[in-house]
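# Fold and geometry: a report
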There are 2 protein chains.
Amino acid sequence: MTTAARTPQQDRSRATRRRLLEAAVECLAELGWNGSTVTVVAERAGVTRGAAQHHFPTREDLFTAAVEHVTAERLTGGGPGTGELPPPGPARTEAVVELIVRLYTGPLFRAALHLWVAAATEEPLRERIVALENRVGRESHRAALEFLGVDEGAAGVRETVQATMDLARGLGLANLLTDDAARRRGVVRQWSAMLEDALRGHRGD
Amino acid sequence: MTTAARTPQQDRSRATRRRLLEAAVECLAELGWNGSTVTVVAERAGVTRGAAQHHFPTREDLFTAAVEHVTAERLTGGGPGTGELPPPGPARTEAVVELIVRLYTGPLFRAALHLWVAAATEEPLRERIVALENRVGRESHRAALEFLGVDEGAAGVRETVQATMDLARGLGLANLLTDDAARRRGVVRQWSAMLEDALRGHRGD
């Protein structure tokens, strides 16, 4: 209790919010949209339902914020800095493809997938998710360009990087019901080689 | 009624079954898993609930059979014969990629997506869908090889064709909440060029 007494109210509130967001992503990934209620999330986060509703007035607020928060964390803090990647060339290209594919095959993608599919038939959710998808898509694309060290001014580079994200999304879906890791390794290796061929010469090397 | 009287009982039963399967895919695509009950499908097919249950004892039976039936139809009857495709080369490769991507961006994929995602959190459905996915995956892969006119004996061909299906799946998902056609065109064109580079020399041309 001494620790709590020393924590300013604002910090405690921020910590509660963070626990709720992380619990919301876990619930979505494990239980799907139907099973993920505010009550279930509050319980997992060790927070009262009232406190959860103080932070997120609606179920849509909570889950949209959760997927956005965890995505932003992965994009900024979760991966290596570009300094830790191999120098530009085949090894770096494959490392970046692996990084992107890992983003799309973990619990975060699973949570986002449940949310997207629910949004297809629930109008109030749909609008929120379309806006979220646009923000996340732009951020991920920008991060991929930076990691690959390419400039999208050159013909075809933009589409090649987009194709990489689309491929990763497809691999994420293929991993939903079974562990697809063994097959995926072959696809990632082959894709990395093709991507390297397409990007070589657009990196200033 | 004269027509009905002339139709043998077996033909009528087959026609009913077919109407149910098609209505089931439409319902899934439009209403998602939650909204797709046997009652809703029977109503859309113009069949009594009892008749629907005679053909498909459980909800899982109906929807699994529906996605399988419509997929098989698209793979065999829906596309052009290989004779209608341009001769092997860049134009054919792009036409085949477009064909595959079209399969993954229509109502059938949307229906399958709702079923897959529901299967992630519903155990009895999960097992059926994993088996279905395996059958459909093998069939689609075989059809893609035939259309592209390549042999998967050569190094990397198998993975390249698999990547094409994974990419198409990702493009299908990107098309769920908004019309992604304009962006998709650029990705399809770029991927077709990369695929053609990778397959050239493995076609016996």
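Residues numbered from 1 in each chain as written. Chains lettered and ligands numbered in written order. Predicted model: local features only at pLDDT ≥ 70, side-chain atom pairs only at ≥ 80, totals over all residues. Heavy atoms only, no water.

Looking up chain A in an unreviewed UniProt entry gives the name TetR/AcrR family transcriptional regulator, with the organism given as Kitasatospora nipponensis.

### Quick look at the overall build of chain A
Counted only if it meets this: Numbered from the N terminus, helices here are DSSP runs of H or I no shorter than four residues, and strands are runs of E no shorter than two. Working rule for contacts: check all heavy atoms of both residues, and any pair within 4.5 Å makes them a contact. Only the protein chains shown count as cover for residues, with accessible areas throughout obtained via the Shrake-Rupley method and a probe of 1.4 Å. Under the counting rule used here, the positive set is Lys and Arg, the negative set is Asp and Glu, and His together with the chain ends is not counted. Charge coordinates come from a single atom per side chain, which is NZ of Lys, CZ of Arg, CG of Asp or CD of Glu.
On a plain count of helices and strands, chain A comes out with 10 helices and 0 strands. From first element to last, N terminus to C terminus, chain A shows the α and β order α-α-α-α-α-α-α-α-α-α. A fraction of 68% describes how many contacts in chain A between residues 6 or more apart in sequence connect residues 24 or more apart. Looking at chain A as shown, the accessible area adds up to about 9800 Å², and 51% of this sits on carbon and sulfur atoms. Each charge class in chain A was averaged separately, 26 positive and 27 negative side chains, and the resulting centres sit 4 Å apart.

### With respect to the UniProt feature "DNA-binding region" (unreviewed entry) in chain A
Rules: UniProt positions are given in the numbering used here, feature names are shortened, and annotations may be inferred rather than shown by experiment.
Sequence positions flagged by UniProt for "DNA-binding region" (unreviewed entry) are, in local numbering, residues 37-56 of chain A. Note that residues 37-56 of chain A is 75% helix and 0% strand, and that its end C-alpha atoms are spaced 12 Å apart.

### Some words on helix α10 (residues 181-199) of chain B
What counts here: By definition here, a helix of n residues has an expected span of 1.5 Å times n minus one. Each residue gets one of three labels from its accessible area relative to the maximum for its type: buried under 20%, exposed over 50%, partly exposed in between, using a 1.4 Å probe on protein chains only.
Spanning 19 residues, α10 of chain B covers 26 Å between terminal C-alpha atoms, matching the ideal 27 Å at 1.5 Å per step. Every buried residue of α10 of chain B is accounted for by Arg184, Gly186, Val187, Val188, Gln190, Trp191, Ser192, Met194, Leu195, Glu196 and Leu199 of chain B. As for α10 of chain B, its buried residues are in contact with α9 (157-174) and α10 (181-199) of chain A together with α6 (90-105), α8 (123-148) and α9 (157-174) of chain B.

### What to know about the interface of chain B and chain A
This is how it is decided: Computed with a 1.4 Å rolling probe, the buried area is the accessible surface lost when two parts are put together, summed over both parts. A side-chain nitrogen of Lys or Arg and a carboxyl oxygen of Asp or Glu constitute a salt bridge if their distance falls within 4 Å. Here a polar contact is recorded for every N or O atom pair within 3.5 Å, except that within protein the pair must consist of a potential hydrogen donor and a potential acceptor, and residues adjacent in sequence are included only if both atoms are side-chain atoms. Ten residue types, Ala, Val, Leu, Ile, Met, Phe, Trp, Tyr, Cys and Pro, are classed as nonpolar, four, Asp, Glu, Lys and Arg, as charged, and the remainder, Gly among them, as polar.
Counting residues at the interface gives 39 residues for chain B, matched by 39 residues for chain A. For the pairing of chain B and chain A, the buried interface totals around 3300 Å² over both sides, and the portion due to carbon and sulfur atoms is 69%. Where chain B meets chain A, there are 2 salt bridges. Scanning the region where chain B abuts chain A turns up 9 residue pairs in polar contact (both at pLDDT 80 or more). At the level of secondary structure, the elements contributing two or more residues to the side of chain B that touches chain A comprise α2 (9-35), α7 (107-119), α8, α9 and α10 of chain B. Sort the elements by how many residues they give to the side of chain B that touches chain A and α9 of chain B lands first, with 11 residues. When the residues that make up the side of chain B that touches chain A are grouped by side-chain class, the tally is 21 nonpolar, 11 polar and 7 charged.

### Some remarks on the packing of α8 of chain B against α9 of chain B
Residues and elements named next belong to chain B. To be explicit about the condition: Inter-axis angles, ranging from 0 to 180 degrees, are taken between N-to-C directions of lines fitted to C-alpha atoms, where helices are fitted over the stretch in contact. Roughly parallel means an angle under 35 degrees; roughly antiparallel, over 145; roughly perpendicular, 65 to 115; everything else is oblique. In a left-handed crossing the near helix is turned counterclockwise from the far helix by less than a right angle, and in a right-handed crossing that turn is clockwise.
Their axes nearest at 10 Å, the elements α8 and α9 cross at an angle of 110°. Considering the angle they form, α8 stands roughly perpendicular to α9. Between α8 and α9 the crossing geometry is right-handed. Counted together, Ser140, His141, Ala144, Leu145 and Leu148 of α8 and Val157, Arg158, Val161, Gln162 and Met165 of α9 form the full contact between these two elements.

### What to know about the packing of aromatic side chains
All names here are of chain A. This is how it is decided: Ring pairs shown here join Phe, Tyr and Trp side chains whose ring centres sit within 6.5 Å, with only the six-membered ring taken for Trp; geometry is labelled stacked below 30 degrees between planes, edge-to-face above 60, and tilted in between. Both a distance and an angle decide whether a charge sits over a ring: NZ of Lys or CZ of Arg must be within 6 Å of the ring centre and within 35 degrees of the ring normal.
Counted according to the given criterion, the structure contains 7 aromatic pairs over all chains. Between Phe109 and Trp116 the ring centres are 6.1 Å apart and the planes differ by 75°, which places this aromatic pair in the edge-to-face class. Per residue, the accessibility class of Phe109 equals that of Trp116, and both read buried. Joined through ring pairs, the aromatic side chains of Tyr104, Phe109 and Trp116 make up one cluster. The ring of Trp33 has Arg59 sitting right over it, with the charged end atom 3.7 Å from the ring centre.

### Observations regarding the nonpolar core
Note on soluble globular proteins: their nonpolar side chains tend to be buried together. To be explicit about the condition: Here, the term nonpolar core denotes a set of buried Ala, Val, Leu, Ile, Met, Phe, Trp, Tyr and Cys residues that are joined through side-chain atoms within 4.5 Å.
If you look at the biggest cluster of nonpolar residues, it comprises 130 residues, and the most contacted ones within it are Leu113 of chain A together with Leu113 and Trp191 of chain B. Excluding residues that lie within four positions of it along the chain, Leu113 of chain B makes contacts with Leu113, Val117 and Leu173 of chain A together with Leu173 and Leu176 of chain B.

### Looking at the relation of the copies chain B and chain A
Short version of the rule: Least-squares fitting of one copy onto the other uses the C-alpha atoms of those residues that reach a pLDDT of at least 70 in both copies.
For the match of chain B to chain A, the screw axis carries a shift of 0.0 Å, the RMSD comes to 0.0 Å, and the turn is 180°. Expressed as a symmetry operation, the mapping of one chain copy onto the other fits a two-fold axis. Counting the interface residues of chain B, we find that 100% of their copies in chain A are interface residues as well, pointing to one common contact surface.

### What to know about the pattern of salt bridges
Applying the stated criterion across every chain, the model contains 28 salt bridges over all chains. Salt bridges here are not isolated pairs; linked through shared partners, they connect Asp166 and Arg169 of chain A together with Asp180 and Arg183 of chain B.

### A closer look at the side chain of Thr64 of chain A
Residue and element names in this part refer to chain A. One can find Thr64 in helix α5 (residues 59-78). Take Thr64: its relative accessible area is 5%, and that puts it in the buried class. Among the polar contacts made by the side chain of Thr64, one reaches the main-chain carbonyl oxygen of Glu60 at a distance of 2.7 Å. Setting aside its immediate chain neighbours within four residues, Thr64 contacts Leu115, Leu125, Arg128, Ile129 and Leu132.

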